[in-house]
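Residues per chain are reported as follows:
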Amino acid sequence: MQTPRLNDDVLLHVLSLSSSKPTICALMRTNRLFYHFGAKYLLAEGVTLRNEQQIESFIYFMLAELDFRIPLLRTLTIKATSLPPAIGESLELFFYYLSAKGSLCSLMLSPAETLLRSYPKLVCGIAIISSLNSLTLYDIGPFVEVLMGHLRSQLVYADLRLPVIPRRRFAKEEWEEQQDHEHNDDATAARVPFPDAYDDALPLLRQSTNTLRQLQLTTADDGFLRQPPVFHKVVTLTLSVPNIDEACTRLLVRAFPNLRELTTCDFSTRYDEFDLASFEDMRDSNYEDQLASGTWPSLLYYDGTLAVLFALGIACPITWLTLSNFDYPLEPEMLTEVLHCARPVHLELTLYSDISLFDCEPLAFFGAAGVQKLQTLFLTIYLEVDDLYMTIEQVLVRTMGRSVPRACSADNSFSVIRTPLWRDSYLSRAN
């Protein structure tokens, strides 16, 4: 008696229901049909390669059915620090195949500079790919600059991150000494010129000024904004600038005139210790610059610390504000000034504070200018040890005082989350 045979469509449906890559790999070993079509499901969610062994194995897999598998790869992440020459050569050839026959949309290299330095010919292999719309490069440097200068793709999303300690701060002699040492270890190693303007990351994206819509940028200081190109289509910006030496809001407005969403991370003023007067000076300078040269009509969203938004002095309405006082004390004056300019509709406020030490009601801003449009308030308070005895009602009275009835009125959907750092959170609603 002949064994019944399942139709190919049924078998492929079984393959499509497989939820894990190990399961798909096991099925691909059972017959030629699964071996061929299994690649479609293995590559569907992208590939992450973490070391040279995985890179070598992946290239062999892709080359086994090159014409079928190359177009299926849309997202590739490489998190390797160095490449031996043989694997580097294979990866370079693979990128050439991707440029000719592939549809790669998203590429991430981490750490990019170290990887490209270990095999410099990768720069050309990546640069000729014209299908990329998303590029993430961590730890950018001279080799990345060469890559970006020759990149054929016009990007929609970019994430460029400078090293924590920018190399341009090294003395030129130290840089050349490092190059001599590397050259002595490997006579074929390329000499990299001293990066004189290492923090100027935005010019690396000049070829994408007409296409870029989302940008994440990490730089060492605000020097990258001196003469920025203009990105008319960027609507979402995530910016990390550990050192701000002067007012920069007008420069952000100039570089991103149609911005809608701004997030600031590790965004610090030049002041090591908190001094309200110094923050006020920075705010006044930023605010006056915008009055003179213009600002955004409005922002849809801002996420960052209260102190940073205060220092930036953004002089336009912001519909949704997400603020915290992380790393800085809670200053009611800062909150009042920020709300006066932003006039938000929705406010998320996270407080890291010793409530028992408050000598005022820092959230007693309801009814003040700037909150007339406020519809929702989401308040998260991280309590110190001495405050754990307080109930939610006591916390509200201590922070908001007479404003509590206004906050809980029918005009507002008001939620409070009381979350001690070492206890499970719970939610209380006042209707």
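Each remark here, short or long, concerns the structure printed above.
Okay, so let's go over this structure. Throughout this description, residue numbers start from 1 for each chain and increase along the sequence as written. Only residues with pLDDT of at least 70 get local features here, since the model is predicted, and only at 80 or more are side-chain atom pairs given and counted; chain-wide, interface and lining totals rely on the full set of residues. With hydrogens and water stripped out, all remaining heavy atoms of the structure feed into the side-chain values.

1. Topic: the pattern of salt bridges
For step 1, the next point in the chain: Any carboxyl oxygen of Asp or Glu within 4 Å of a side-chain nitrogen of Lys or Arg constitutes a salt bridge here. Per the counting criterion, the structure on display carries four salt bridges.
For step 2, the next point in the chain: The closest approach of N and O atoms between Arg-69 and Glu-65, which form a salt bridge, is 3.9 Å. Across the pair, exposure class does not vary: Arg-69 and Glu-65 are buried alike.
For step 3, the next point in the chain: Between Arg-161 and Asp-159 there is a salt bridge; the shortest N-O distance is 3.0 Å. Only protein chains enter the accessibility calculation, which uses a 1.4 Å probe; a residue whose area is less than 20% of its type maximum is buried, one above 50% is exposed, and one in between is partly exposed.

2. Observations concerning unusual backbone geometry
For step 1, the next point in the chain: Of note, the amide linkage connecting Ser-110 to Pro-111 takes the cis form, showing an omega dihedral of -5 degrees.
For step 2, the next point in the chain: Comment: elements are numbered from the N terminus, with helices defined as DSSP H or I runs of at least four residues and strands as E runs of at least two. With respect to the secondary-structure elements, Pro-111 resides in the loop between strand E3 (106-109) and helix H7 (112-118).
For step 3, the next point in the chain: Positive phi, close to 65 degrees, is recorded for Asp-139, a residue that is not glycine.
For step 4, the next point in the chain: Mapped onto the elements, Asp-139 comes out in the loop between strand E4 (134-138) and helix H9 (142-150).

3. Let's talk about the side chain of Ser-240
For step 1, the next point in the chain: Along the chain, the position of Ser-240 falls in strand E7 (residues 236-240).
For step 2, the next point in the chain: On the basis of relative accessible area, Ser-240 is assigned to the buried category, the value being 8%.
For step 3, the next point in the chain: Reaching out from Ser-240, the side chain makes a polar contact with the backbone oxygen of Cys-265 at a distance of 2.9 Å. Within 3.5 Å is the distance limit for a polar contact, defined as a pair of N or O atoms, with the added protein rule that one can donate a hydrogen and the other accept it, and that residues adjacent in sequence qualify only through two side-chain atoms.

4. So, the packing of helix H12 (residues 276-293) against helix H14 (residues 332-342)
For step 1, the next point in the chain: Fitting a line to C-alpha atoms yields each axis, with helices limited to the stretch in contact; the angle taken between N-to-C directions then spans 0 to 180 degrees. Their axes nearest at 12 Å, the elements H12 and H14 cross at an angle of 15 degrees. Judged by the inter-axis angle, H12 sits roughly parallel to H14. For H12 against H14, the interelement crossing comes out left-handed. Taking contact as the criterion, the partners of Leu-276, Phe-279, Glu-280, Arg-283 and Tyr-287 in H12 are, on H14, Glu-333, Met-334, Glu-337, Val-338 and Cys-341. The labels follow the angle: roughly parallel below 35 degrees, roughly antiparallel above 145, roughly perpendicular from 65 to 115, and oblique for the rest. Should the near helix be turned counterclockwise from the far one by less than a right angle, the crossing is left-handed, whereas a clockwise turn marks it as right-handed. The contact criterion used throughout is that any non-hydrogen atoms of two residues lie within 4.5 Å.

5. What about helix H6 (residues 85-101)?
For step 1, the next point in the chain: Helix span, as expected, comes to 1.5 Å for every residue beyond the first. The end-to-end C-alpha distance of H6, which contains 17 residues, comes to 24 Å, matching closely the 24 Å that a straight helix rising 1.5 Å per residue would cover.
For step 2, the next point in the chain: What H6 keeps buried is the set Ile-87, Gly-88, Leu-91, Glu-92, Phe-94, Phe-95 and Leu-98. The buried residues of H6 occupy an angular sector of 160 degrees when projected down its axis, which confines them to one face. Within H6, the exposed residues directed more than 90 degrees away from the buried face are Pro-85, Ala-86 and Ala-100.
For step 3, the next point in the chain: Along its buried surface, H6 packs onto helix H4 (52-64), strand E2 (75-78), E3 and helix H8 (122-127). To be clear, the arc concerns the directions from the helix axis to the C-beta atoms.

From the geometry alone we can't say anything about function, so treat these as descriptive.
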